[in-house]
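What the coordinates show
What follows is each chain in one-letter form.
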Amino acid sequence: MISGFSKLSTKEKIDVIIKQSGLPADSLAKLLSHHHRDLQETYNQFSENTISNFFVPYNIAPNFLIDGKEYFVPMAIEESSVVAAASKSAGFWHKQGGFKTKIIDTLKVGQLFFSTEEPYQFLSSNMNKIQSVLKTATHELTLNMEKRGGGLRNIELQAIEKVPNTYCFHVTFDTKDSMGANFINSCLEAMGESLVQYFTENDKTAQVVMAILSNYTPECIVECKVSCTIKELSYWSGDLKPQEFAEKFKQAVDIAKFNSSRAVTHNKGIMNGIDAVVIATGNDFRAIEANVHAYAAKDGKYTSLTDIDIKNDIFTYTINIPLTIGTVGGLTKSHPLATLSMEILQNPNASELMSIMASAGLANNFAAIASLITTGIQRGHMKMHLSNILLTLNASEEEKVKAIAYFSEQTVSYNAVITYLNKIRQ
């Protein structure tokens, strides 16, 4: 047990960790070597008890054509095959007219949970008055948001099943280009105080249990689709005829619709692309992951987020996905590379960034399925992973060149690379 850890200097924190964890003597130098020479104080402010930085590669996927506009898409991710797949897919769909998107809605959700001995009927019959009280409580907070076209949209009373005397005001907001967490939470807390006061003034009692935004936003949806003729799929079909490829692709998507175990991996392929853009732009990938997977199970069973249609010789692939993101505030404006990402993306508003993220997700998912139903996923994945294996095995530059040439025609595995390096080193 250690007290006052947060008050120690960075070096003092590291010394304590090295001593108590029995780390090797070079651990201090290793941690300090990942400090940023000029911006470390800025990075330290992003979190608590920071002792170093954990770098991941910052990558660019080119040739994204989204709603008629060209993009270089920044992706922060350590898996090279994701960036390669996004780039290949984007290049192909660029020639077919690109990604077409539509914002279905942009509503965010807040929840005010409270308890009272009063029955649901009392609350329901007094909703008009209660709504007026709650809206009045947020008036000062919502003024600026309303000037930008956003604000509080609706308040709905919900009973919490199997939790006695407990209710929720389910509140929807439009927060425009802001992710809106702080705005929503401030509004909800103000509502809670006014709700308790309203009950007191009417000789009744109520207690706020909690007031917090919900990361589940099933009404903050973007649709993204791509389409081409069946003939054009020859680029991906390998040994299959384009028609066979299209039908096998549809079969793979249908499996993900009706088999939850496959659907999880299918949707993870979507999130490979989306999360990489989310992180690169300073948004909250944890909230987005939770939201997306809850949405995938909204009908009672976890299923695919994509749909496919093959009709009149046209192949159309579509995704509908909830993405709650922001382009103002938070790390988006304070992290130097997140700010640069937004500049690379030509400073999109929140709706445009939703479209870019959805396009990256669909691009990665399409490329993954195309590999799965033709050559298999490991061939391409392990080719891309070869450089990481060579780095782990301390291969020299000359050995790397030889290994890359050799494995261009061979199956890559960790043991196979070890065997090859031992052979050429003898």
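The structure this text deals with has already been given above.
All figures in this text were calculated on a predicted structure; none of them were measured in a lab. Residue numbers restart at each chain and count upward from 1, following the sequence in its written direction. With pLDDT at 70 or above as the cut-off, local features in this predicted model cover only qualifying residues; side-chain atom pairs require 80 or more to be listed or tallied, and sums for whole chains, interfaces and linings still use all residues. To obtain the side-chain values, all non-hydrogen atoms of the structure were included, while hydrogens and water were left out.

Here's the deal with the packing of helix H17 (residues 397-406) against helix H18 (residues 414-425)
When two helices pack together, their arrangement is given by the angle between their axes and by how far apart the axes lie. To define axes, lines are fitted to C-alpha atoms, for helices over the stretch in contact only, and angles between the resulting N-to-C directions are given on a 0 to 180 degree scale. Only runs of H or I of at least four residues qualify as helices and only runs of E of at least two qualify as strands under DSSP, and these elements are numbered from the N terminus. Where H17 contacts H18, the two axes come as close as 11 Å, and the packing angle between them is 125°. Overall, the two elements H17 and H18 adopt an arrangement that is oblique. Considering how the two elements wind past one another, H17 and H18 form a crossing that is right-handed. In this structure, H17 uses Glu399, Lys402, Ala403 and Tyr406 to contact H18, whose residues at the interface are Tyr420, Leu421, Ile424 and Arg425. Roughly parallel refers to an angle under 35 degrees, roughly antiparallel to one over 145, roughly perpendicular to one between 65 and 115, and oblique to any angle outside these ranges. Crossings are assigned a handedness: left-handed for a near helix turned anticlockwise from the far helix by less than a right angle, right-handed for a clockwise turn. Any pair of residues with heavy atoms lying within 4.5 Å of one another is described as a contacting pair.

Describing the layout of surface pockets
To find leftover empty space, one rolls a probe the size of a water molecule over the atoms. Of the pockets and cavities examined, the largest pocket occupies roughly 1,200 Å³. Lining the largest pocket we find 40 residues, and of these Phe46, Ile279, Gly282, Leu331 and His335 sit closest to its centre. Those elements that place two or more of their residues in the lining of the largest pocket are helix H11 (260-280), helix H12 (285-296), helix H13 (331-334) and helix H14 (336-344). Element by element, the count of residues in the lining of the largest pocket is highest for H11, at seven residues. Each residue belonging to the lining of the largest pocket can be placed in one class, and the counts come to 19 nonpolar, 15 polar and six charged. With a 1 Å grid laid over protein atoms only, a set of points is called a cavity when a 1.4 Å probe fits there but cannot get out and a pocket when it is open yet has protein on both sides within 12 Å along at least five of seven lines; lining residues have an atom within 4 Å of a point. Grid points are joined across faces, edges and corners, and a volume is the space filled by probe spheres set on the points. Gly falls in the polar group here, along with every residue not listed as nonpolar (Ala, Val, Leu, Ile, Met, Phe, Trp, Tyr, Cys, Pro) or charged (Asp, Glu, Lys, Arg).

A short note on the pattern of salt bridges
Here a salt bridge means any side-chain nitrogen of Lys or Arg lying within 4 Å of a carboxyl oxygen belonging to Asp or Glu. Across all of its chains, the model carries 11 salt bridges by this definition. With a closest N to O distance of 3.9 Å, Lys298 and Asp299 form a salt bridge. Think of it in three bands: with a 1.4 Å probe and only protein chains considered, a residue is buried below 20% of the maximum accessible area for its type, exposed above 50%, and partly exposed in between. By relative accessible area, Lys298 is classed as partly exposed at 45%. Taking the shortest distance from any N to any O, the salt bridge between Lys400 and Glu397 comes out at 3.4 Å. One end of the pair is Lys400 and the other is Glu397, both in helix H17 and three residues apart, which spans about a single turn.

A closer look at the packing of helix H10 (residues 242-258) against H11
At a minimum axis distance of 6 Å, the contact between H10 and H11 shows a crossing angle of 115°. The handedness of the crossing between H10 and H11 is left-handed. Counting all contacts with H10, which are made through Val253, Ile255, Ala256 and Phe258, the residues of H11 involved are Ser260, Arg262, Ala263 and His266. Across the contact of H10 with H11, the residue classes tally to five nonpolar, two polar and one charged.

A closer look at helix H1 (residues 10-21)
Between the first and last residue of a helix there are one fewer steps than residues, each counted as 1.5 Å, and that sum is the expected span. An ideal rise of 1.5 Å per residue puts 16 Å on 12 residues; H1 measures up with 16 Å between its terminal C-alpha atoms. The set of residues buried in H1 consists of Lys13, Ile14 and Ile18. The arc that holds every buried residue of H1, seen down its axis, measures 130°, which confines them to one face. Seen from the open side of H1, the exposed residues pointing more than 90 degrees away from its buried face are Lys19 and Gln20. At the exit of H1 stands Gly22, carrying a positive phi of roughly 65°. Here, the arc refers to the directions that run from the helix axis to the C-beta atoms.

Details of the environment of Ile308
Inspection of the secondary structure assignment puts Ile308 in strand E8 (residues 306-311). Between the C-alpha atom of Ile308 and that of Gln121, which follows or precedes it by 187 residues, the distance is 46 Å. Beyond its immediate sequence surroundings of up to four residues, Ile308 is in contact with Phe249, Lys250, Val253, Phe315, Thr316 and Tyr317.

Comments concerning the side chain of Ser359
Topologically, Ser359 is positioned in helix H15 (residues 350-372). Using a relative accessible area of 0% as the deciding quantity, one classes Ser359 as buried.

Things to note about the environment of Glu289
Residue placement: Glu289 occurs in helix H12. Using a relative accessible area of 19% as the deciding quantity, one classes Glu289 as buried. In the structure, Glu289 is positioned 244 residues away from Gln45 in sequence and 25 Å away in space, judged by C-alpha atoms. Among all residues touching Glu289, those that are not within four sequence positions of it are Met271 and Asp275.

What to know about H10
One turn of an α-helix holds 3.6 residues; hence residues three or four places apart share an orientation. Taking 1.5 Å per residue as the helical rise, H10 with its 17 residues ought to reach 24 Å, and the 25 Å between its terminal C-alpha atoms agrees with that figure. Within the span of H10, buried status applies to Phe245, Ala246, Phe249, Ala252, Val253 and Ala256. For H10, the buried positions fall inside an angular range of 125° around the axis, keeping them on one side. Of the exposed residues in H10, the ones pointing more than 90 degrees away from its buried face are Gln251 and Phe258. In this structure, the buried side of H10 is in contact with helix H9 (234-237), H11, E8, strand E9 (314-322) and H15.

Comments concerning the nonpolar core
Nonpolar cores were defined as sets of buried Ala, Val, Leu, Ile, Met, Phe, Trp, Tyr and Cys residues, with membership established by side-chain atoms within 4.5 Å. Within the largest apolar cluster, 65 residues are counted, with the highest numbers of intra-cluster contacts made by Phe64, Phe249, Phe315, Tyr317, Ile321 and Leu323. Sorting elements by how many residues they give to this core places H15 first, with 13 residues. Met145, Tyr167, Phe183 and Ala206 belong to the second-largest nonpolar core, a separate cluster that totals 28 residues.

Concerning the packing of aromatic side chains
Side-chain rings of Phe, Tyr and Trp, where Trp is taken by its six-membered ring, are said to pair if the distance between their centres is within 6.5 Å; with planes under 30 degrees apart they count as stacked, over 60 as edge-to-face, and otherwise as tilted. One pass over the full model with this rule turns up 26 aromatic pairs. Look at Tyr235 and Trp236: their rings are 5.4 Å apart centre to centre, the planes differ by 80°, and that puts the pair in the edge-to-face class. The exposure class assigned to Trp236 is buried, which follows from its relative accessible area of 7%. Taken together, a centroid distance of 4.3 Å and an interplanar angle of 15° make the contact between Tyr406 and Tyr420 stacked. Taken together, the residues Tyr406 in helix H17 and Tyr420 in helix H18 connect sequence positions 14 residues apart. On the basis of relative accessibility, which here comes to 38%, the residue Tyr406 falls in the partly exposed class. Tyr420 gets classed as buried once you look at its relative accessible area, which sits at 12%. What links up through ring pairs into an aromatic cluster is the set Phe92, Trp93, Tyr235, Trp236, Phe245, Phe249, Phe315, Tyr317 and Phe366. A ring is considered to have a charge above it if a Lys NZ or an Arg CZ atom is located within 6 Å of its centre and within 35 degrees of its normal. Of note, Arg286 hangs over the ring of Phe285, and the distance from its end group to the ring centre comes to 5.1 Å. Lying across the ring of Tyr295, Lys298 places its NZ or CZ 4.3 Å from the centre.

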